[in-house]
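# Analysis of the macromolecular model
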Amino acid sequence: QVQLVESGGGLAQAGGSLRLTCVASGGTFSRYVMGWFRQAPGKEREFVAAITWSGGSTYYADSVKGRFTISRDNAKNTVALQMNSLKQEDPAVYYCAADSRLGAVLSGKADYWGQGAQVTVSS
């Protein structure tokens with residue numbers, strides 16, 4: 001069983017930056033594809049970014065491409081989401097997800113999820 005805990009959410013100005021971190025425990029971290037998702041009020045949860053087991057490949061939603069960067073540190077069991085040039089459409093609860101299967105993460109059907117971290121953007 002994998003436990004995921006997000007941190008680093010908060011308030012940033014439009015055009016500013018925030019960095020989210022997710023710490024995993026309870027499993028062999030390098031065996032899992034890691035992803036970030038977000039859910040804004042009244043909207044469905046949506047894919048943001050994913051990174052493969054050794055970090056060799058990354059995937060991004062079109063809405064964040066060029067602004068957000070996902071990275072992982074397998075020695076520290078962490079995955080991060082660096083969010084730059086934040087926009088008014090970025091506020092949401094951001095969730096960390098993990099699954100051994102790439103397709104499961106990309107489709108939002110990962111086995112393991114964190115509790116979420118709130119991101120707010122002020123104008």
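Refer to the preceding data block for the structure.
Residues numbered from 1 in each chain as written. Predicted model: local features only at pLDDT ≥ 70, side-chain atom pairs only at ≥ 80, totals over all residues. Heavy atoms only, no water.

## Considerations on the overall build of the chain
The number of helices and strands found in the chain is 1 helix and 11 strands. Along the chain direction, N to C, the helices and strands of the chain fall in the order β-β-β-β-β-β-β-β-β-α-β-β. Going through the 123 residues of the chain one by one, you find that 44% of them count as buried. The long-range share in the chain, meaning contacts at least 24 apart out of those at least 6 apart in sequence, stands at 57%. With the model as given, the accessible surface of the chain reaches about 6,100 Å², and the carbon-plus-sulfur share is 46%. Computed over 12 positive and 9 negative side-chain charges, the inter-centroid distance for the chain is 3 Å. (Helix = DSSP H or I, 4+ residues; strand = E, 2+ residues; numbered from the N terminus. Buried < 20%, exposed > 50% of the residue type's maximum accessible area, 1.4 Å probe, protein only. Contact = heavy atoms within 4.5 Å. Areas by Shrake-Rupley, 256 points an atom, 1.4 Å probe, with all protein chains shown as cover. Lys, Arg positive; Asp, Glu negative; His and termini not counted. Charge placed at Lys NZ, Arg CZ, Asp CG, Glu CD.)

## With respect to unusual backbone geometry
Its identity is not glycine, yet Asn-77 carries a phi of approximately 55 degrees, on the positive side. Mapped onto the elements, Asn-77 comes out in the loop between strand S7 (68-73) and strand S8 (78-83). Assessed through its relative accessible area of 24%, Asn-77 is described here as partly exposed. One non-glycine residue, Ser-85, lies in the positive phi region at around 50 degrees. With respect to the element layout, Ser-85 can be found in the loop between S8 and strand S9 (92-99).

## Some points on the state of the cysteines
Taken as a whole and judged by the stated rule, the model has 1 disulfide. Note that Cys-22 is cross-linked by a disulfide to Cys-96, the S-S spacing being 2.2 Å. Its torsion about the S-S bond being -80 degrees, the disulfide of Cys-22 and Cys-96 is classed as left-handed. On the criterion of sequence distance, the pair formed by Cys-22 in strand S3 (residues 18-25) and Cys-96 in strand S9 is long-range, its members being 74 residues apart. When sorted by exposure, Cys-22 lands in the same class as Cys-96, which is buried. (Disulfide = S-S within 2.5 Å.)

## Notes on the packing of aromatic side chains
Taken as a whole and judged by the stated rule, the model has 3 aromatic pairs. Put simply, the rings of Phe-37, Phe-47 and Trp-113 pair up and form one aromatic cluster. When the ring centre of Trp-113 is taken as reference, the NZ or CZ atom of Arg-45 above it lies at 3.7 Å. Over the ring of Phe-29 we find Arg-72, and its NZ or CZ is 4.4 Å from the ring centre. (Phe/Tyr/Trp six-rings, centres within 6.5 Å; stacked < 30°, edge-to-face > 60°. Lys NZ or Arg CZ within 6 Å of the ring centre and 35° of its normal.)

By themselves, these are just geometric observations and shouldn't be taken as functional.
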